[in-house]
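Take a look at the letters that make up each chain.
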Amino acid sequence: MIPEIGQFALILALLLSIVQGVLPLAGAARGNPVWMGVARPASRGQFLFVALAFGCLAYSFVTNDFSVLNVANNSNSGLPVPYRFAATWGSHEGSMLLWVFMLTGWSAAVSIASRSLPEEMVARVLGVMGLIGTGFLLFMLLTSNPFDRLFPAAQDGRDMNPLLQDPGMVIHPPMLYMGYVGFSVAFSFAIAALLGGKLDSTWARWSRPWTTLAWCFLTIGIMLGSWWAYYELGWGGWWFWDPVENASFMPWIVGTALIHSLAVTERRGAFKSWTVLLAITAFSLSLLGTFLVRSGVLTSVHAFATDPKRGVFILIFLAIVTGGSLVLFAVRAPKVGLGGKFEIVSRESLLLGNNVLLAAACGSVLLGTLYPLFLDALQLGKISVGPPYFDSVFAPLMAPAIFLMGVGPLARWKEARIPDLAMRLRWAAVIAVVSAILVPLIAGEWTLMKSFGYLLAFWVFAASLTSIRERLLVGTQLEWSRLGQLPRGYWGMIAAHVGIGVFIIGVTTVKSYEVERDVRMDIGDTVAVGGYDLKFEGTEEVAGPNYSAARGTVVVSRNGKAVRTLHPEKRFYPVQQSTMTEAAIDSGLFGDLYVSLGEPVGDRAWSVRVYSKPFITWIWGGCVLMALGGFLALTDRRYRASLAQRSALPAHAASPS
Amino acid sequence: MKPRHKRIAIIAGGVVALSVAVGLVLNAFQSNLVFFFTPSQVVAKEAPIDRTFRIGGMVEVGSIKRHADGLTVAFRVTDTAKTLDVVYTGVLPDLFREGKGVVAQGRLGADGLFKASEVLAKHDENYMPPEAAHAIEQARKAGATVKQP
Amino acid sequence: MTKFLLPLGGFIAIFAFLFIGLGLNPREVPSPFIGKAAPTFELGNLHRPDSRFGTQDMAGKVWLLNVWASWCVACRDEHPLLVDLAKQDTIPIVGLNYKDKQDQALAWLKQFGNPYRVAVMDADGRIGIDFGVYGVPETFLIDKKGIIRFKHIGPITKKAWEEKMLPLVRELQKS
């Protein structure tokens, strides 16, 4: 009964989404306020119905209703309740439902927080979101219905993939999807602006907070995915340039460019068509990511559900959405004009440089991801593009972008002067260079690559400090009381930039100083890694709720003193007949000790991976800082003010500079 | 600066950035693409000797031998037509089993022994890596016999 | 105007490749086995493990080889159809019990009905690999000379049976 209610709710949501997609858009075109007025209630209604469907599916999972095919395939009565709930979005069908749930959630949020927007704009934005919803609801109902029944019901389910039975993996997809789907708001705003023919700084101001919010979620989502891969896949890597990872990373790169470009469009009215193009690209890449993951066209470490028929549907949808909006762009963008003028050296031009570099980086990732497919399509053989390609293309493109990132916040809009900038940043440059030389020397042997990594990181820190210092300066006097008066948007930017620096420190240190040792350990054997001695004391059999495991005991000591005991596990999940490596990690601010069991070799000996990963937590810490920066910027006074005011603002009066 | 010059300068900057990116990509492609060969192709000497490439197929049943150090593993990869000797030192992935699909990346020695630097097996019990499936399919298309030893 | 068309052009190029790539999916490629002799096997009988059953026992008959397992949920979808076929005695069906445990497989057949003339155990999946099985269920149609004539991937639907397989079965049985 419950699954049928869910199914019915989905059908109703589809009908509402069609209404939401057609009437308001038509109303906006003909100036019919009644039709436009449909947008808000329709989007909220659609949200309620999809939420109901989601609740029904979650209920079926939690109550072990194995007469639902999706539940029987992806859950098991032995699965702990939180994972049963998480299994709701663990399958392809469920994750699509989550996708639509998020989409309608964003769309309902827009309908609530858009009271200060002109009716026409709201109608267009919600209309476009309604059309996207129609596409995905159709996709779900036609090719991947989460409520399909199974007759006769299964006795028990096939269980959730053991890899996914993990707290990190429980929240990773919702965060990632919040980001993916969140870009649909920026996309809808861009399309609405193109449709309305009014591409001024106002639409940039409206879509900016939404874009930032989506970007924050995407950042967190990618970070969780990387963290999960690190501790769950059992080989200590944190990023593999895997197609699925790239699929989430490309929208992030373009989203980052979009955030910056929106800032220019809002404040100076420049880059208008470029910003629109970025908004279209960010969402298209999100769709492409969905396509790549769901169609199975690319080989990947973790493509879980693949089905070519679904791929065809998503591809057609991608063609309509992206193709359609690019046609619209080609028709409307030439009339937009250039907007605010600026000199060759100015904050605008620096941001433009950053945008070009980010776009090039995204293009190279896209090329590397799709290249094997291209060759295969042309029958030129099978190849794979591995991490070395991405490392050797991505890093050189990002290095200048990070240099510009230090300069940008200090440059003036419209016109800046290089000698002046060099003067103001000279101390930052000195600090960066000196630290970059000293740090590797103190830590051990010096190499150019290490130094270069640290140079970028310290450059970001020092330039950010310089920027803060200048803001506090009154004449030659530091006015500390101004610290609290700086806008939160500014602090958000600083936090995000410092986050990049923290991230670079993490990456550089891990790449330079990590120790990875695969060893054979008998009971009593000791191995020294990263200043610690690790003693293997054998394994014992333990039973988990839905698995059995060999649990190793490794005593970590420093200078002969035992400091910690680690318990890596090798788990066996009988329902799926699969083995899982559960690494034991002693995590700290300055580095991790990582131990995972390989396999039994000989009598009671095991092959063991023992890794020391200095500063690896900084990688994810940097990402968290970036996301926090985004959230901080969202609490800026002007957004709170516009929420409180709730009345139409004149189009240009409120734009601060 | 005149607007026209400014425009030219911006375009020139864009072109420079773009060509640097293209250069990087081409350079990286040249040295970092990993080609894929089937055991039959390797045995027929179609694979390069001093370059990293990937092989795929099935781990032949009964072929896994562990060296005394406990970490070095020798096994044979077959596409059902031809087999290739592979040696690997390190911890193998959870799903590395006899009779299962496998993809290995490494270099071929002049003695015909494939030294793997990486062994990949996917985290799904019933899954065969596409490259491995491809190798087996190629061998079958070539009209090879299908019997396993 | 033209420069604003560039993004569209780029997208169309990528789209074309994605579309071709989709067609290359290994699951959609027809099996290289069609028209070739079926791999031979001799395996233990599921119901009487001490007796063996092999491909030569089906020589001179048109038959179906159905790959299934008790852990396979999709197998339940096609199972009623197979049971119907067995009742009408349309065609003998041999079940290849793939990577399964004997007691579970027997319990499963007891619960859902046994459509198989003979069911054999392929516990380690070796024969499945010989047949190029990508997943379960898969069904092979084999003619009197032991040549594979058709392969169905996934659960057999009524439509697929009536439109694709049954006419072929009738034709092969006549020859």
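Analysis parameters
- Residues numbered from 1 in each chain as written.
- Chains lettered and ligands numbered in written order.
- Predicted model: local features only at pLDDT ≥ 70, side-chain atom pairs only at ≥ 80, totals over all residues.
- Heavy atoms only, no water.
- Helix = DSSP H or I, 4+ residues; strand = E, 2+ residues; numbered from the N terminus.
- Buried < 20%, exposed > 50% of the residue type's maximum accessible area, 1.4 Å probe, protein only.
- Contact = heavy atoms within 4.5 Å.
- Areas by Shrake-Rupley, 256 points an atom, 1.4 Å probe, with all protein chains shown as cover.
- Patch = residues over 30% accessible without salt bridge, like charges linked within 9 Å, V, L, I, M, F, W, Y side chains within 5 Å.
- Salt bridge = Lys/Arg side-chain N within 4 Å of Asp/Glu carboxyl O.
- Polar contact = N/O pair within 3.5 Å; in protein donor to acceptor, adjacent residues only side chain to side chain.
- Nonpolar A, V, L, I, M, F, W, Y, C, P; charged D, E, K, R; others polar.
- Pairing = 2+ DSSP bridges.
- Axes fitted to C-alpha atoms, helices over the stretch in contact; angles between N-to-C directions.
- Phe/Tyr/Trp six-rings, centres within 6.5 Å; stacked < 30°, edge-to-face > 60°.
- Parallel < 35°, antiparallel > 145°, perpendicular 65-115°, else oblique.
- Left-handed = near helix turned anticlockwise from the far one by under 90°.
- Core = buried A, V, L, I, M, F, W, Y, C linked by side-chain atoms within 4.5 Å.
- pLDDT = per-residue confidence, 0-100.

Participant: Would you explain the overall build of chain B in this entry?
Facilitator: The helix and strand tally for chain B stands at 3 helices and 7 strands. The linear arrangement of helices and strands in chain B, starting from the amino end, is α-β-α-β-β-β-β-β-β-α. Among the 149 residues that make up chain B, the fraction classed as buried is 48%.

Participant: Would you explain the overall build of chain C in this entry?
Facilitator: The number of helices and strands found in chain C is 5 helices and 7 strands. Mapped from its N terminus to its C terminus, chain C presents α and β elements in the order α-β-β-β-α-β-α-β-α-β-β-α. Here chain C holds 175 residues, and 51% of them are scored as buried. Contacts spanning at least 24 positions in sequence make up 72% of the contacts within chain C whose residues lie at least 6 apart. Surface exposure of chain C reaches about 8,200 Å², of which carbon and sulfur atoms provide 58%.

Participant: How should I be thinking about a nonpolar patch on the surface in this particular structure?
Facilitator: Residue and element names in this part refer to chain A. Taken together, Trp427, Val430, Val433, Val434, Ile437, Leu438, Leu441, Ile442, Trp446 and Leu448 make up a surface patch of nonpolar side chains, about 1,000 Å² in accessible area. Considering every element that reaches the nonpolar patch, the biggest residue donor is helix α16 (residues 426-443), with 8 residues. Here leucine 438 shows up in helix α16.

Participant: I would appreciate a short explanation of the side chain of asparagine 70 of chain A in the present structure.
Facilitator: Residues and elements named next belong to chain A. Relative to the elements of secondary structure, asparagine 70 occurs in helix α4 (residues 69-74). Exposure remark for asparagine 70: the relative accessible area of 4% places this residue in the buried category. Among the polar contacts made by the side chain of asparagine 70, one reaches the side chain of serine 91 at a distance of 2.8 Å. Once residues lying within four places of it in the same chain are set aside, the contact partners of asparagine 70 are Leu57, Phe61, Ser91, Glu93, Gly94, Pro146 and Asp148.

Participant: Mind showing me how you'd approach the interface of chain A and chain B here?
Facilitator: Interface size, as often reported, equals the accessible area lost upon joining of the parts. Taken together, the contact pairs 44 residues of chain A with 33 residues of chain B. In this assembly, chain A and chain B are joined by 1 salt bridge. The salt bridge partner of arginine 66 of chain B is glutamate 599 of chain A, with a shortest N-O separation of 2.9 Å. For the side of chain A that touches chain B, the elements supplying multiple residues, two or more each, are α13 (347-377), β1 (383-385), α14 (387-407), β4 (515-521), β10 (578-582), β12 (592-600) and β13 (606-613) of chain A. Its residues assigned to classes, the side of chain A that touches chain B shows 23 nonpolar, 13 polar and 8 charged.

Participant: What's the story with the sheet that holds β13 of chain A in this structure? I'm lost.
Facilitator: Residue and element names in this part refer to chain A. Read across the open sheet, the 4 strands follow the order β4-β13-β12-β11; overall the sheet is antiparallel. Every interior strand has two partners, whereas the edge strands, β4 and β11 (584-586), have only one. Within this sheet the neighbouring strands show an average axis-to-axis angle of 20°, counted without direction. In the packing of helix α9 (residues 201-232) onto the sheet, the strands contacted are β11, β12 and β13, and the crossing angle to β12 comes to about 50°.

Participant: In this structure, what is going on with the pairing of β12 of chain A? I would like to understand it.
Facilitator: Two faces make up the sheet, and in a regular strand the side chains alternate between them. Residues and elements named next belong to chain A. For β12, the tally of buried residues reaches 8 of 9 residues, placing the bulk of the element in the interior. Hairpin connection, β11 to β12: the antiparallel pair is bridged by 5 residues, and glycine 591 has positive phi, about 155°. One ladder, built from 7 bridges, connects β12 with β13; its direction is antiparallel. The residue bridging leucine 597 from the neighbouring strand is valine 608, located in β13.

Participant: Help me understand the packing of aromatic side chains in this model?
Facilitator: Taken as a whole and judged by the stated rule, the model has 46 aromatic pairs over all chains. The interplanar angle of 80° and the centroid separation of 5.1 Å between the aromatic rings of phenylalanine 37 of chain B and phenylalanine 53 of chain B together place this pair among those described as edge-to-face. Of this pair, phenylalanine 37 of chain B sits in strand β1 (residues 33-37) while phenylalanine 53 of chain B sits in strand β2 (residues 53-59), and the two are 16 residues apart along the sequence. For the pair formed by phenylalanine 37 of chain B and phenylalanine 53 of chain B, the shared burial category is buried. With a centroid separation of 5.5 Å and an interplanar angle of 20°, the aromatic rings of tryptophan 68 of chain C and tyrosine 116 of chain C are classed as stacked. One end of the pair, tryptophan 68 of chain C, is in strand β3 (residues 63-68); the other, tyrosine 116 of chain C, is in the loop between α3 (102-112) and β5 (118-122), and 48 residues separate them in sequence.

Participant: So what exactly am I meant to see when it comes to the sheet that holds strand β6 (residues 138-142) of chain C here?
Facilitator: Residues and elements named next belong to chain C. Across the sheet, 5 strands lie side by side as β5-β4-β3-β6-β7; this open sheet has mixed pairing. Looking at strand neighbours, the two that pair on one side only are β5 and β7 (148-153), the edges of this open sheet. Each neighbouring strand pair of the sheet contributes to a mean axis angle of 20°, computed without reference to strand direction. Pairing geometry for β3 and strand β4 (residues 93-98), over 5 bridges, is parallel.

Participant: Help me understand the packing of helix α8 (residues 167-196) of chain A against α9 of chain A in this model?
Facilitator: Helix packing geometry: the angle between the two helix axes and the distance between the axes. Residues and elements named next belong to chain A. The N-to-C vectors of α8 and α9 enclose an angle of 155°; their axes lie 7 Å apart at closest approach. In terms of axis orientation, α8 runs roughly antiparallel to α9. α8 and α9 meet at a crossing whose hand is left-handed. The residue inventory of the contact of α8 with α9, partitioned by class, reads 24 nonpolar, 8 polar and no charged.

Participant: Help me out: how do you make sense of the environment of leucine 150 of chain A in this one?
Facilitator: In this structure, leucine 150 of chain A sits in the loop between α7 (119-143) and α8. Along the sequence, leucine 150 of chain A and phenylalanine 66 of chain A sit 84 residues apart, while their C-alpha atoms lie 7.6 Å from each other.

Participant: What should I look at first to understand unusual backbone geometry in this one?
Facilitator: Note on backbone geometry: most residues besides glycine have negative phi, and most peptide bonds are trans. Phi at asparagine 559 of chain A is positive, roughly 50°, even though this residue is not glycine. Considering the arrangement of structural elements, one finds asparagine 559 of chain A in the loop between β7 (548-558) and β8 (561-566). One non-glycine residue, aspartate 89 of chain C, lies in positive phi territory at about 60°. With respect to the element layout, aspartate 89 of chain C can be found in the loop between α2 (73-88) and β4.

Participant: In this structure, what is going on with the pairing of strand β6 (residues 532-543) of chain A? I would like to understand it.
Facilitator: Residues and elements named next belong to chain A. Judged from the 4 bridges that link them, strand β5 (residues 526-529) and β6 form a sheet pairing that is antiparallel. Across the sheet, residue valine 529 finds its bridge partner in β6, namely tyrosine 532. Between β5 and β6, which pair antiparallel one after the other, the connecting turn spans 2 residues, and glycine 530 there sits at a positive phi close to 55°. In this structure, β6 lies alongside β7, joined through 9 bridges in antiparallel fashion.

Participant: Got a minute to help me understand the pattern of salt bridges in this structure?
Facilitator: Where charged atoms of side chains with opposite charge meet at close range, the side chains can pair. All names here are of chain A. Considering all chains together, one arrives at 23 salt bridges over all chains under this definition. Taking the shortest distance from any N to any O, the salt bridge between lysine 535 and glutamate 537 comes out at 3.9 Å. Judged by its relative accessible area of 41%, glutamate 537 falls in the partly exposed class. Three or more residues joined by partner-sharing salt bridges are found here, namely Glu540, Arg551, Glu569, Arg571 and Glu582.

Participant: Got a minute to help me understand the environment of tryptophan 203 of chain A in this structure?
Facilitator: Residue and element names in this part refer to chain A. In this fold, tryptophan 203 is placed in helix α9. In this structure the C-alpha to C-alpha distance between tryptophan 203 and alanine 192, which are 11 residues apart in sequence, comes to 9.0 Å. Those residues in contact with tryptophan 203 that lie beyond four places of it in its chain are Met121, Phe189, Ala190, Ala193, Lys198, Leu262, Lys272, Thr275 and Val276.

Participant: Would you mind showing me how to read the nonpolar core here?
Facilitator: Note that soluble globular proteins tend to have their nonpolar side chains buried in a common cluster. Residues Trp99, Trp106, Phe189, Trp203 and Trp238 of chain A together with Leu18 of chain C are the most contacted members of the largest nonpolar core, which totals 192 residues. The element best represented in this core is α9 of chain A, accounting for 17 residues. Not counting the four nearest positions on each side in its chain, leucine 18 of chain C is found in contact with Leu288, Phe291, Leu292, Leu315, Leu318, Leu370 and Leu373 of chain A. Judged by nonpolar contacts, the second largest core, of 46 residues, contains Met58, Leu81, Leu109 and Ile148 of chain C.

Participant: Help me out: how do you make sense of the confidence of the model for chain C in this one?
Facilitator: Regions with low pLDDT should not have their predicted coordinates read in detail. Residue and element names in this part refer to chain C. When pLDDT is averaged along chain C, the result is 82; 90% of the residues meet or exceed 70. Taken element by element, the predicted model of chain C shows its lowest mean pLDDT in helix α4 (residues 126-130) (78) and its highest in β3 (92). In the predicted structure, residues 25-30 sits below a pLDDT of 50 and forms 10 contacts with residues beyond four places in sequence or in another chain.

Participant: Would you mind showing me how to read the packing of helix α6 (residues 92-112) of chain A against α8 of chain A here?
Facilitator: Residue and element names in this part refer to chain A. It is the contact of α6 with α8, at a shortest axis distance of 9 Å, that shows an interaxial angle of 50°. Here α8 runs oblique to α6, going by the angle between their axes. Judged by the sense of rotation from one axis to the other, the crossing of α6 with α8 is right-handed. Facing Ser95, Leu98, Trp99, Met102, Leu103, Trp106 and Val110 of α6, the residues of α8 in contact are Pro173, Pro174, Tyr177, Met178, Tyr180, Val181, Gly182, Ser184 and Val185. Across the contact of α6 with α8, the residue classes tally to 13 nonpolar, 3 polar and no charged.

Participant: How should I be thinking about the confidence of the model for chain B in this particular structure?
Facilitator: Residues and elements named next belong to chain B. The pLDDT averaged across chain B works out to 75; a share of 78% of its residues lies at or above 70. Between the elements of chain B, mean pLDDT differs from a low of 61, seen in helix α3 (residues 130-141), to a high of 90, seen in strand β5 (residues 83-89). Counting interchain partners and residues more than four positions distant, the pLDDT-below-50 stretch residues 123-127 has 17 contacts. pLDDT under 50 marks residues 143-149. Its contacts with residues more than four places away, or in other chains, come to 15 contacts.

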